[in-house]
Amino acid sequence: DNEKSIGDWLEGSDAKTLANPTWADLMTAVVQPIEGMGIRRTLRERLELEFFGSDSRNIAFKSVEAFDFLGLFGSDKKSDSLVDALAAGKTARGVLCDRLEERLSYNDGESDMVLLHHEFHMESPEGKKRRVTSTLQATGEPYPAGPSAMATTV
């Protein structure tokens, strides 16, 4: 099995050995920047080569932008939750999940939307071809009044 997840990549780092780490320290331990390239460029190239494939430069670029949005390159010393989580034995993957929950939770009045579109190309035993489509659009209730679209459709 050659499949590798970003979570596996996080767990393979030496993040546990860091003393009072910032998010930048954690990402440096995980990404191991190539000298002269910097952390963002190294991450973009590693994501492209190790996860998304060689024709995915745009996906890798957008992924690095998402890491930026999540504050994963931040070097402020206000990362007590990161220090506490690692000290409490939480894995790097678990710490990242906490960060996602912290940064991506809904504000009052916000809601989500689920969009799914599937196209099926079918051929009968007699050789007759047809296309069947299925589309779902659902909007969740505004937070905190009701359930999200994800909660009601999954």
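Each remark here, short or long, concerns the structure printed above.
Colleague: So what exactly am I meant to see when it comes to the overall build of the protein chain here?
Modeller: A tally of regular secondary structure across the protein chain gives seven helices and two strands. For the protein chain, the succession of helices and strands along the chain, N to C, is α-α-α-α-α-α-β-β-α. Expressed as a percentage of the 154 residues in the protein chain, the buried residues total 30%. Long-range contacts, defined here as pairs at least 24 residues apart, represent 54% of the contacts in the protein chain between residues at least 6 apart. Accessible surface, the protein chain as shown: approximately 10500 Å² in total, 51% of it carbon and sulfur.

Colleague: Please clarify how unusual backbone geometry should be interpreted in this entry.
Modeller: As a rule of thumb, non-glycine residues mostly have phi less than zero, and peptide bonds are mostly trans rather than cis. The linkage connecting Tyr143 with the following residue, Pro144, adopts the cis geometry, with an omega of 0°. Within the fold, Pro144 resides in the loop between β2 (129–139) and α7 (149–153).

Colleague: How should I be thinking about the pattern of salt bridges in this particular structure?
Modeller: A side chain of one charge can pair with a side chain of the opposite charge if their charged atoms are brought near each other. According to the stated counting rule, one finds six salt bridges in the structure shown. A salt bridge links Arg40 to Asp68; the shortest N-O distance between them is 2.9 Å. A residue pair is termed long-range when its members are at least 10 positions apart, and Arg40 in helix α3 (residues 38–52) and Asp68 in helix α4 (residues 57–69) qualify at 28 residues. Judged by its relative accessible area of 36%, Asp68 is partly exposed. Salt-bridge contacts for Arg99 lead to Glu102; the nearest nitrogen and oxygen are separated by 3.2 Å. In this pair, Arg99 and Glu102 are both assigned in helix α6 (residues 92–104), three residues apart and thus about one turn of the helix distant.

Colleague: What should I look at first to understand the pairing of strand β1 (residues 113–123) in this one?
Modeller: Regular strands place side chains that alternate from one sheet face to the opposite one. Inspection of the sheet shows β1 paired to β2 by eleven bridges, in the antiparallel sense. For Val114, the partnering residue across the bridge sits in β2 and is Ala138. Hairpin geometry of β1 and β2 is characterised by an intervening segment of five residues between the two adjacent antiparallel strands and by a positive phi of about 95° at Gly127.

Colleague: Explain α4 to me, please; I cannot follow it from the model alone.
Modeller: An α-helical turn contains 3.6 residues, so any two residues separated by three or four positions project in the same direction. The terminal C-alpha atoms of α4 lie 19 Å apart, and with 13 residues this matches the ideal 18 Å at 1.5 Å per residue to within 8%. Those residues of α4 that are buried are in contact with α2 (23–31) and α3.

Colleague: Even after reading the chapter, I still don't get the packing of aromatic side chains, so can you show me in this structure?
Modeller: By convention here, two paired aromatic rings are described through the distance between centres and the angle between planes. The full count for this structure, using the stated rule, is two aromatic pairs. With a centroid separation of 6.3 Å and 35° between ring planes, the pair formed by Tyr106 and Tyr143 is classed as tilted. One end of the pair, Tyr106, is in the loop between α6 and β1; the other, Tyr143, is in the loop between β2 and α7, with 37 residues separating them in the sequence. Using a relative accessible area of 34% as the deciding quantity, one classes Tyr106 as partly exposed. Here the guanidinium or amino end of Arg103 rests over the ring plane of Phe69, the centre of that ring lying 5.4 Å away.

Calculation notes
- Residues numbered from 1 in each chain as written.
- Predicted model: local features only at pLDDT ≥ 70, side-chain atom pairs only at ≥ 80, totals over all residues.
- Heavy atoms only, no water.
- Helix = DSSP H or I, 4+ residues; strand = E, 2+ residues; numbered from the N terminus.
- Buried < 20%, exposed > 50% of the residue type's maximum accessible area, 1.4 Å probe, protein only.
- Contact = heavy atoms within 4.5 Å.
- Areas by Shrake-Rupley, 256 points an atom, 1.4 Å probe, with all protein chains shown as cover.
- Salt bridge = Lys/Arg side-chain N within 4 Å of Asp/Glu carboxyl O.
- Pairing = 2+ DSSP bridges.
- Expected span 1.5 Å × (residues − 1).
- Phe/Tyr/Trp six-rings, centres within 6.5 Å; stacked < 30°, edge-to-face > 60°.
- Lys NZ or Arg CZ within 6 Å of the ring centre and 35° of its normal.

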